[in-house]
Amino acid sequence: MADDAAAVRFTELGPAGSPIGSVDDGRMTDFYTYPDGLQACWVRGNMITSLDGGATDDGKSGGLAGAGDRSVFTVMRQQADVILVGAGTVRAENYSGAQFSPAQRQARQRRGQAEVPAIAVVTNRGEFDHDSKLFT
């Protein structure tokens, strides 16, 4: 079975590591929602690597992610105010930013967020193709 066709199942573990329940899409969103009464900056990161520490597969980061990784990644993006991405990813993948459905955009607006998160690119050279999707 292809990885994309596999069901995504998560199990919530208790303090002792024993399973206390399964996690559906709504519950996963609860895990990644900003804390109530947030008064300071809240930073959350997500990264996938291969067993040997590689950050790409065939030059692209998406090849390392399984269905569960993509599920978590999607929920985190829907909650984010800013998405940080490396310049190498922008170049290698012709990165275009976050793509949200109208319902997801409306949910962000109800939370007081912009319809789509801003993109912050980390670079040490500032070299970009200004015709890339990120800029157009």
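Residues numbered from 1 in each chain as written. Predicted model: local features only at pLDDT ≥ 70, side-chain atom pairs only at ≥ 80, totals over all residues. Heavy atoms only, no water.

Side note on unusual backbone geometry
Phase 1: Unlike most non-glycine residues, Asn-94 shows phi in positive territory, near 45°.
Phase 2: Following the sequence through the fold, Asn-94 ends up in the loop between helix H3 (87–93) and helix H4 (102–110).
Phase 3: A relative accessible area of 33% places Asn-94 in the partly exposed class. (Helix = DSSP H or I, 4+ residues; strand = E, 2+ residues; numbered from the N terminus. Buried < 20%, exposed > 50% of the residue type's maximum accessible area, 1.4 Å probe, protein only.)

Structural notes on the environment of Gly-26
Phase 1: Its place among the elements puts Gly-26 in helix H1 (residues 25–32).
Phase 2: Gly-26 sits 49 residues away from Val-75 along the chain, and the two C-alpha atoms are 9.8 Å apart.

Points about the pairing of strand S3 (residues 82–86)
Phase 1: With burial as the criterion, only one face of S3 is covered, namely that bearing Ile-83 and Val-85; the residues Val-82, Leu-84 and Gly-86 on the opposite face remain uncovered.
Phase 2: Sheet topology note: the S3/strand S4 (residues 118–122) ladder contains five bridges and is parallel. Bridge pairing links Val-82 to Ala-118 in S4. (Pairing = 2+ DSSP bridges.)

Brief notes about the environment of Ile-119
Phase 1: Within the secondary structure layout, Ile-119 lies in strand S4.
Phase 2: Separated by 15 residues in sequence, Ile-119 and Leu-134 have C-alpha atoms that sit 8.8 Å apart.
Phase 3: Once residues lying within four places of it in the same chain are set aside, the contact partners of Ile-119 are Ile-83, Val-85, Tyr-95, Gly-97, Ala-98 and Leu-134. (Contact = heavy atoms within 4.5 Å.)

Points about the side chain of Gln-113
Phase 1: For Gln-113, the position within the fold is in the loop between H4 and S4.
Phase 2: A polar contact is formed between the side chain of Gln-113 and the backbone oxygen of Gln-79, at a distance of 2.9 Å.
Phase 3: At a separation of 2.8 Å, a polar atom in the side chain of Gln-113 contacts the side chain of Arg-111. (Polar contact = N/O pair within 3.5 Å; in protein donor to acceptor, adjacent residues only side chain to side chain.)

Notes on the nonpolar core
One broad rule of soluble globular proteins: the nonpolar side chains tend to lie buried together.
Phase 1: With seven residues, the main nonpolar core is built from Ala-80, Ile-83, Val-85, Val-90, Tyr-95, Ala-98 and Phe-100.
Phase 2: Contacts of Phe-100, omitting those with residues within four sequence positions, involve Arg-77, Gln-78, Arg-105, Arg-108, Glu-115, Val-116 and Pro-117.
Phase 3: Counting residues in hydrophobic clusters, the runner-up holds six residues, among them Val-23, Met-28, Tyr-32 and Val-72. (Core = buried A, V, L, I, M, F, W, Y, C linked by side-chain atoms within 4.5 Å.)

So, the environment of Ala-55
Phase 1: Relative to the elements of secondary structure, Ala-55 occurs in the loop between H1 and helix H2 (67–79).
Phase 2: Given a relative accessible area of 37%, Ala-55 falls into the partly exposed group.
Phase 3: Along the chain, Ala-55 and Val-23 lie 32 residues apart, while their C-alpha atoms are 27 Å from each other.
Phase 4: Setting aside its immediate chain neighbours within four residues, Ala-55 contacts Met-47, Ile-48, Ser-61 and Leu-64.

It is worth stressing that arrangement in space is one thing and function is another; only the former is reported here.
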